[in-house]
Structure formats: structure tokens, C-alpha cells
There are 2 protein chains.
Amino acid sequence: MTNVEIAPGKTRIGWIGTGVMGASMAGHLLSRGYAVTVTSRTRSKAESLLAKGASWADTPADVSKASDVVFTMLGFPKEVRTVALGEGGLAATARAGQIFVDMSTSEPSLARDIDAACRARGAHAVDAPVSGGDVGAREARLSIMIGGDAAIVESLTPLWETMGKTFVRQGDAGAGQHTKMVNQILIATGMIGVCEALLYAHRAGLDAERVLQSVAPGAAGSWSLSNYGPRILAGNFDPGFYVEHFIKDMGIALDEAKRLGLSLPGLALAEQLYLSVQALGWGKKGTHALQLALARLSGIDWERR
Amino acid sequence: MTNVEIAPGKTRIGWIGTGVMGASMAGHLLSRGYAVTVTSRTRSKAESLLAKGASWADTPADVSKASDVVFTMLGFPKEVRTVALGEGGLAATARAGQIFVDMSTSEPSLARDIDAACRARGAHAVDAPVSGGDVGAREARLSIMIGGDAAIVESLTPLWETMGKTFVRQGDAGAGQHTKMVNQILIATGMIGVCEALLYAHRAGLDAERVLQSVAPGAAGSWSLSNYGPRILAGNFDPGFYVEHFIKDMGIALDEAKRLGLSLPGLALAEQLYLSVQALGWGKKGTHALQLALARLSGIDWERR
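Going along each chain's sequence as written, the residues are numbered from 1 onward. Throughout, the order in which chains and ligands are written sets their labels, letters from A for the former and numbers from 1 for the latter. The predicted origin of the model limits local features to residues at a pLDDT of at least 70 and limits the giving and counting of side-chain atom pairs to 80 or more, whereas totals for whole chains, interfaces and linings rest on all residues. The side-chain quantities take in all heavy atoms of the structure and omit both hydrogens and water.

Runs of E in the DSSP output that reach at least two residues are strands. Runs of H or I that reach at least four are helices, and both are numbered from the N terminus. From N to C terminus, chain A includes 14 helices and nine strands. Each radius of gyration reported is based on C-alpha atoms, and the globular scaling rule is 2.2 Å times the count of residues to the power 0.38. Compactness check: chain A gives a C-alpha radius of gyration of 21 Å against a globular reference of 19 Å for 305 residues, within 12% of the reference. Dimensions of chain A along its principal axes, counting C-alpha atoms only, are 65 × 45 × 35 Å. The buried label goes to any residue with under 20% of its type's maximum accessible area, the exposed label to any with over 50%, and the partly exposed label to all in between, with areas taken from a 1.4 Å probe on protein chains only. When each of the 305 residues of chain A is scored for burial, the buried share is 60%. Taking the contacts inside chain A whose residues are at least 6 apart along the sequence as the reference set, 68% of them involve residues at least 24 apart. His residues and chain termini do not enter the charge count, which takes Lys and Arg as positive and Asp and Glu as negative. To locate a charge, the coordinates of NZ of Lys, CZ of Arg, CG of Asp or CD of Glu are taken. Averaging the locations of the 30 positively and 29 negatively charged side chains of chain A gives two centres separated by 3 Å. Pairs of residues are marked as contacts when any of their non-hydrogen atoms sit within 4.5 Å.

Below is the structure:
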């Protein structure tokens, strides 16, 4: 059990990683009245938070020293590993009762390693990746998928409520990351369907907007179709969520699946197609840029069709 | 232009093919007060309609003789071809001004052939496949995807309204079938994602119902996930929509894509996986029985997991 009561004015929050998602999420905690100490690789990305009253610390260890609950929101598992398990990192300097929450999308096995390292010092680790993207982060409408000790996860409810709309404890350490992988498997394979369907509609000479009126409300409907379909048709491939981050997530899911003895042909195909998106130079576009690479397979320049 | 005004008491309807879908759809027309003449390969399947006041005819040509607007709702393109274009079939015996509406899921190129054959006799052909399944047919909530002459399609509005909730003219002859293919491409590839995601959740030791709470309302959500996910978890693989009919639809879409010079790797994978579902003996189960075959790939007996 934690001995920290979570409340503004009582709980000191630490935040490591102030990219697009992290800055919005930490901003909500500040707005709610929490004292927040932040650090980031690029200080300029933390300026908006500092302007709102956050304190700056030079290193993750310094953030941790000043905080009861420390969040990490980083791009890649490698960074999470370094910050959490590296020399002088969060686990090595953890105090009894302290809570570490990793909201990055990362490896389930790494989440369990961090949990073990924290337990060894009487501290607690929670993995809590999110879905909902930059818009969900900005509007505090994220879905937060949580793994960790039940009482600890429960105690953090005021913080989940501040950042998200849906928050469900999925099990012990690693279960949050596993659930995020389920989420990404759904999106990856579903996006192939969306792109191939729109490509077919184009080549068959249909009016794709009108086709969406017929198919989107029914059994073929999905969030991806309704939200990305119109952007694909408009030729707007701004991220949303970066292709290169999605490739990272699919890699984690496929590695875990291999470890679990699980064959996932659809996800494997999705990874290959997204590697093509990246190879063609579109790694910094949104995930729906899959359309560009799929169109190339059939000799179609989607943006000049 | 048609010289038929569409109204109960004025318009004589013909209906060919009284399977689960066709019987419900023709039933709505009867309930609305239309005179309906029916035929079916198996007369017993028409009994419920005959009891409601439909007239029986022994052949499609006899149905056509007694009708102003003739609907076909058949299982396979081969049957549609025989009924519509065969010797003594609908096109060969068509009268000027008569309207033929094929609501089967069939080949876009066949729809165009039927259109040409009907035009040659001053009659009209419309292709109008549907989505929504047996439940949508029963509740008159189908999405009807329509190809054909604009004025003719418009004139049939009272009939579309009687059978469906959404009805959109997608273009000239064949456009309805093409739109249905778009619908099936979305469902086929999306179903791979649903099944692989639930398989991953299972192997990772998650509580799959709880996982759905996290992922279904967000960017990973889809009609298939919300509707088939719970049935897959409950081990209920009753159709819905038969695997073997879905394989027929995917075959049509892939043939058309080949003709259009279009590479669709996701759909090709889906067809292969569904051929496995059929090979394993589950062709009469619902489309979500893909789960059973995918689980087998990893040595999982899903129904006894």
C-alpha cells in the first residue's frame, strides 16, 4: 500500500517527457492544482509547462527526488529502460512508497522488470499506456490501460480522472502494455482494410465520399474509417500518430507474440506494409499514410490521382 | 424512363429467391400492401410468404410475366446469370418498361451485362446488394447500395424505404455491386484484426472482456469488434453471415481487383485464412469463426481454451 494521499497541495508530481502527448497531460495536472516538476531532453518543449508554474529539473533523478508520484511519457522502450533502470535512474534511486507510472507505449516485459526493481526498494511501478492521440491528450479524453498493484492503481484515481475519460486496471504489471498491444493490433489490421477499400472504390470509379455514406454506418464501420477515411480522401496525411511510432508498437507486439508462441499473419503483413511506408519516406506522416504505399503497389500516385 | 408508378395496388412485384434474407425483404413488401408473386428453388422456403398472401409461380419467367418490378435475391452469381441471362430467362422475356432489381451480392461485370441485355428490350436493370444481414433484413434496417439509371432508381424509392434504412445510388449499373465489394473488403480485413487481437489478449493472460472496455470505445473500435467480439469470447459461432458466402464475395472482389489492375494484399490474406476456416469444416459457421482457424495456427483449441 502507498502512504501517499493523492491530492493537489499534498502530492508532488514528477513528469519526464514533455512531447505533444506528455505536455498536454502534465498540463492538466498543473491546471488541477498539483505541484509538478518536469524534465525533458529538449527544454524548449517544457516551456509551456514552466510558464504554467511547473518547476524544472535537469535530470530524471532530480525530478524523482522532488516528487511522490513520477510519470514517464517517452517515445521508445529504450528510453524508458534507460530512465527507469539505468545507472542512477529512477529505480536505483527510488524511495519506499514512491510510485512510478510509465505512460509510454512500451514492452510488457520491461514493465515487469521495472516493477521488480521498484519492489526491491519498497516502491511501486504502474504501466499505463494510453490511446486517443494528441487530441485525446489535449481534451483529457484518453483511454488509459493500466497494469499494477490494485490498491496502488486505485489510489491514483484522482490522477487518472484528470487525464483520461476511460481508465481500466487490466491486471498486474505489464497488463497495461499488453492491452495497448491489443489496441494496436486492431488498428494496424483495420487500417489495411480501410486503405484497400478506398483504393478499390477509386479504381472502380466510384464516388468514395458517397460510398462512405453506404458503408460507414453498418457492419463495415469503424472509428478508423469514419475518422481517417475522409482525411485519406482529402489527401491530408498529417499526424495524428506517427508511422514510425506505430512501427515501434507493431514490433513490440510481434516480439511479444513470438515469445507467447502466437502466429499473427495479419499483424505481420501490417508491419511489412508500414515498413514500406517508412522506406518510401513517409515515416513522419500519420498512420493513414498507409494509403500512399498501398496505392504505389498498383502504380497509383494517390496525391495526384 | 419508367412508365410504372410505384405504389401498393398499382405495382405488381415479383420476387425470386426466398432464403433467409429474401423471405424477410419480400415479407415487408407484402405487409406494405404490394401484390407479390414469388418463386424459389425450394418451395417450402416460400411458405411463410404464401401464407401472407403471396402468389406462387413455377419459374422465374412466370414470375416476370405477372410482375412490373422483379427482384432477385440469390446466393451465387452463377444463379443470377442463369436466371437473368439464361435461355428463357428474365432478360430474354423482358417487356419494355419492366424493371429488374438484383439484390444478390454478385459480380459488377455481370450487373453490367444484365443492364445491357435489358436495355436491348427497353427494360431496366438495377443492382442493389445490401448489408445488414438477417437481422437487418428482418427489421427493414438494411443498407442498400444501388447502381442503375438515376430516374429508375429514384422511382423505386417507395420500395427501398420498405426494405432498408440507408439507400444510396452509387452510380450506373455495377456501382451497387462495386460498393458492396468495398463493404466486404472492410469487413474481411477488419475481422483479421478482431480475431488476432482477441487471440493476443487470451495468450497474454488478459481478461478479454475487460480489455474490450478499454479498446472498444476508442480508435481501435469497430462494429465487428463490438458485435462479434463478445460472441467470439462466448464461443458462439452461429451465423450471422456464412463463411462460404463470404468466401464467394471475397473471390468476386479479388477477381474484380485483378481486372482493375489492383493489388490488395490484405484481402488476399483474408481469403486464404477464410479458405482455411472452410477447409477445417466451418464453412457453415458465421464469419467470426475465423477465430477458430487463427487459433489453430498457434495450437489453440479456442472452444476448449
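Moving on from the model shown.
Residue and element names in this part refer to chain B. The working definition used for a salt bridge is a side-chain nitrogen of Lys or Arg within 4 Å of a carboxyl oxygen of Asp or Glu. Per the counting criterion, the structure on display carries 26 salt bridges over all chains. The salt bridge partner of Asp68 is Arg12, with a shortest N-O separation of 3.0 Å. Of this pair, Asp68 sits in the loop between α3 (60–65) and β4 (69–72) while Arg12 sits in strand β1 (residues 12–16), and the two are 56 residues apart along the sequence. Taking the relative accessible area as the measure of exposure, Arg12 reaches 36% and is therefore partly exposed. Notably, a salt bridge pairs Asp172 with Arg169, separated by 2.9 Å at the nearest N-O pair.

Quick look at helix α12 (residues 243–260) of chain B now. Residue and element names in this part refer to chain B. One fewer than the residue count of a helix, multiplied by 1.5 Å, yields its expected span. For α12, which comprises 18 residues, the first-to-last C-alpha distance of 25 Å matches the rise-based estimate of 26 Å (1.5 Å per residue) to within 8%. For α12, the tally of buried residues reaches 13 of 18 residues, placing the bulk of the element in the interior. Once α12 ends, the next one or two residues include Gly261, with phi positive near 70°.

What follows is about the UniProt feature "domain: 3-hydroxyisobutyrate dehydrogenase-like NAD-binding" (unreviewed entry) in chain A. In the numbering used here, UniProt assigns the "domain: 3-hydroxyisobutyrate dehydrogenase-like NAD-binding" (unreviewed entry) feature to residues 174–289 of chain A. The annotated region residues 174–289 of chain A carries 71% helix and 0% strand content, and the separation between its end C-alpha atoms amounts to 30 Å. UniProt positions are given in the numbering used here, feature names are shortened, and annotations may be inferred rather than shown by experiment.

For the rest of this paragraph, the subject is the packing of α12 of chain B against helix α13 (residues 265–279) of chain B. Residue and element names in this part refer to chain B. Comment: axis = line fitted to C-alpha atoms, over the contacting stretch for helices; angle = value between 0 and 180 degrees taken between N-to-C directions. The contact between α12 and α13 brings their axes to 10 Å, and the two run at 150°. Judged by the inter-axis angle, α12 sits roughly antiparallel to α13. Relative to α13, α12 is oriented so that their crossing is left-handed. Residues Val243, Glu244, Phe246, Ile247, Met250, Gly251, Ala253 and Leu254 of α12 lie in contact with α13, whose contacting residues are Leu267, Ala268, Ala270, Glu271, Tyr274, Leu275, Val277 and Gln278. Angles below 35 degrees are treated as roughly parallel, those above 145 as roughly antiparallel, those between 65 and 115 as roughly perpendicular, and all remaining angles as oblique. Whether a crossing is left-handed or right-handed is set by the direction in which the near helix is turned from the far one by less than a right angle, anticlockwise for left-handed and clockwise for right-handed.

Next up on the list: the UniProt feature "domain: 6-phosphogluconate dehydrogenase NADP-binding" (unreviewed entry) in chain A. UniProt annotation of "domain: 6-phosphogluconate dehydrogenase NADP-binding" (unreviewed entry) refers to residues 12–168 of chain A when read in the numbering used here. The straight-line gap between the two end C-alpha atoms of residues 12–168 of chain A is 24 Å; of that span, 40% is helix and 24% is strand.

Two aromatic rings are characterised by how far apart their centres lie and by the angle between their planes. Only centres within 6.5 Å qualify two rings of Phe, Tyr or Trp (six-membered ring in Trp) as a pair; their planes then separate them into stacked at under 30 degrees, edge-to-face at over 60, and tilted for everything else. Counted under the stated rule, the structure contains eight aromatic pairs over all chains. On the numbers, 6.0 Å between centres and 80° between planes, the contact of Phe241 of chain B with Phe246 of chain B is edge-to-face. When its relative accessible area of 1% is taken as the criterion, Phe246 of chain B is described as buried. Centroid distance Phe246 of chain B to Tyr274 of chain B: 5.1 Å. Interplanar angle 85°. Geometry classified as edge-to-face. Remark: Tyr274 of chain B occurs in helix α13 and Phe246 of chain B occurs in helix α12; sequence separation between them is 28 residues. Through pairs of rings, three or more aromatic residues link up here, namely Phe241, Phe246 and Tyr274 of chain A.

This next bit is on the relation of the copies chain A and chain B. Here the copies were fitted onto each other by least squares, based on C-alpha atoms from residues at pLDDT of at least 70 in both. Between the two copies, chain A and chain B, the superposition gives an RMSD of 0.0 Å; the rotation angle is 180° and the shift along the axis is 0.0 Å. Look at the turn and shift together and you get a two-fold axis relating the two. Considering only C-alpha atoms, the residue of chain A closest to the rotation axis is Ser222 of chain A, which sits at 1.9 Å.

Another aspect to go through is the pairing of strand β4 (residues 69–72) of chain A. Residue and element names in this part refer to chain A. Burial of the side chains of β4 extends over both faces: Val69 and Phe71 are buried on one face and Val70 and Thr72 on the other. For strand β1 (residues 12–16) and β4, the ladder comprises four bridges, and the chain directions are parallel. Bridge pairing in β4 links Trp15 to Phe71. Pairs of strands are assigned from DSSP output, requiring at least two bridges between the strands. The pairing of β4 with strand β5 (residues 99–102) spans four bridges and is classified as parallel. Bridging across to β5, Phe71 finds its partner in Val101.

If you look at the interface, chain A gives 61 residues, while chain B gives 61 residues. Between chain A and chain B the total buried area reaches about 4900 Å² when both faces are included, carbon and sulfur atoms providing 66% of it. In this assembly, chain A and chain B are joined by zero salt bridges. Each polar contact in these results corresponds to two N or O atoms within 3.5 Å; when the atoms are within protein, one needs to be able to donate a hydrogen and the other to accept it, and residues that are neighboring in sequence are counted only if both atoms are side-chain atoms. At the surface where chain A touches chain B, the tally comes to 24 residue pairs in polar contact (both at pLDDT 80 or more). Of all the secondary-structure elements, those providing two or more residues to the side of chain A that touches chain B are β8 (142–147), β9 (164–171), α9 (175–203), α10 (208–215), α11 (223–234), α12 (243–260), α13 (265–279) and α14 (290–297) of chain A. Take the accessible area each of two parts loses on contact, using a 1.4 Å probe, and add the two losses: that sum is the buried area.

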